[in-house]
Amino acid sequence: MILPGTSIIQMAWVVNDLDTAARRFSQVYGAGPFMFNRHVKLTDPRHRGRAMQTDFSLALAQAGDVQIELVEQHDDTPSVYRDLYPRGVGGFHHVAVIVPNVDKEVERYRALGFAVGSTGRFGDADFAYVDTAPATGHMVEILPNNDTIRRFFGAVRRAAEKWDGVDPIREMA
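Residues numbered from 1 in each chain as written. Predicted model: local features only at pLDDT ≥ 70, side-chain atom pairs only at ≥ 80, totals over all residues. Heavy atoms only, no water.

S.K.: Residue-level account of the side chain of Glu141, with values.
M.R.: Among the secondary structure elements, Glu141 is positioned in strand β10 (residues 139-144). Engagement of the side chain of Glu141 in a polar contact is seen with the side chain of His94, the distance being 3.1 Å. Ignoring anything within four residues of it in the chain, the contact list for Glu141 reads Gln10, Glu69, His94, Val95, Ala96, Val97, Phe127, Ala128 and Tyr129. (Helix = DSSP H or I, 4+ residues; strand = E, 2+ residues; numbered from the N terminus. Polar contact = N/O pair within 3.5 Å; in protein donor to acceptor, adjacent residues only side chain to side chain. Contact = heavy atoms within 4.5 Å.)

S.K.: Talk me through the packing of aromatic side chains; I want residue IDs and the actual numbers.
M.R.: Where two aromatic rings form a pair, the distance of their centres and the angle of their planes describe that pair. Counting across every chain of the model gives 9 aromatic pairs. Consider the rings of Phe127 and Tyr129, whose centres lie 6.1 Å apart with planes at 85°: the pair is edge-to-face. An aromatic cluster of at least three residues, connected via ring pairs, comprises Trp13, Phe25, Tyr29 and Phe92. When the ring centre of Tyr109 is taken as origin, the NZ or CZ atom of Arg108, which lies over that ring, is 4.7 Å away. (Phe/Tyr/Trp six-rings, centres within 6.5 Å; stacked < 30°, edge-to-face > 60°. Lys NZ or Arg CZ within 6 Å of the ring centre and 35° of its normal.)

S.K.: Summarise the pattern of salt bridges; cite the residues concerned and give the values.
M.R.: Oppositely charged side chains are able to pair whenever their charged atoms sit close together. All told, the structure shown has 13 salt bridges when counted by the stated rule. For Asp19, the salt bridge identified is with Arg38, shortest N-O distance 3.2 Å. With Asp19 in helix α1 (residues 18-29) and Arg38 in the loop between β2 (34-37) and β3 (43-47), the pair connects residues that are 19 residues apart, well separated along the chain. Looking at Asp19, the relative accessible area reads 28%, which means it is partly exposed. (Salt bridge = Lys/Arg side-chain N within 4 Å of Asp/Glu carboxyl O. Buried < 20%, exposed > 50% of the residue type's maximum accessible area, 1.4 Å probe, protein only.)

S.K.: Which residues make up unusual backbone geometry, and what values do they have?
M.R.: With the exception of glycine, most residues fall at negative phi, and the peptide bonds are largely trans. With an omega of -5°, the peptide bond between Gly32 and Pro33 qualifies as cis. Its place among the elements puts Pro33 in the loop between α1 and β2. Phi at Arg48 is positive, roughly 55°, even though this residue is not glycine. Counting through the fold element by element, Arg48 comes out in the loop between β3 and β4 (50-51). Judged by relative accessible area, Arg48 falls into the partly exposed class, the value being 34%. A positive phi angle, near 55°, is found at Asp167, a position not held by glycine. As for its position among the elements, Asp167 is in the loop between α5 (147-162) and β11 (169-171). On the accessibility criterion, Asp167 (39% relative accessible area) is partly exposed.

Below, the structure is given as structure tokens:
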């Protein structure tokens, strides 16, 4: 259940080995290059309402109008990733949407009976994961429509537009 005018812009998987998964996704889907952000540091990360810093890395690539995100969690701290997949197990984890107001969208999901799995801040972008897994089998990541997100996702899209199909792994600056 997504607000009118809101689109799913990303599909994400939890993986056991980020480099291997990026090469596999690139080979199978022709997506790339995967832009890596290793050992991501978030501001005020919370899991199920409790302060919790998780050691994870991610890789992003564009596949047409949909972004692919791959996530590898390096530790065993409680997280939205471990909520669905224990260490050594991976699979489809979430879709992401960009909305005008993250708080209002979170409240809409709460009113539908879904719990907030995680919140935090990436740069100046507040985000939330809502645990819709009981209804859909996966979570929803809610992102703000702000300059930080547009720049970050725009860099991934531009890399894909210029990509020659060689070397699917790139480190983000």
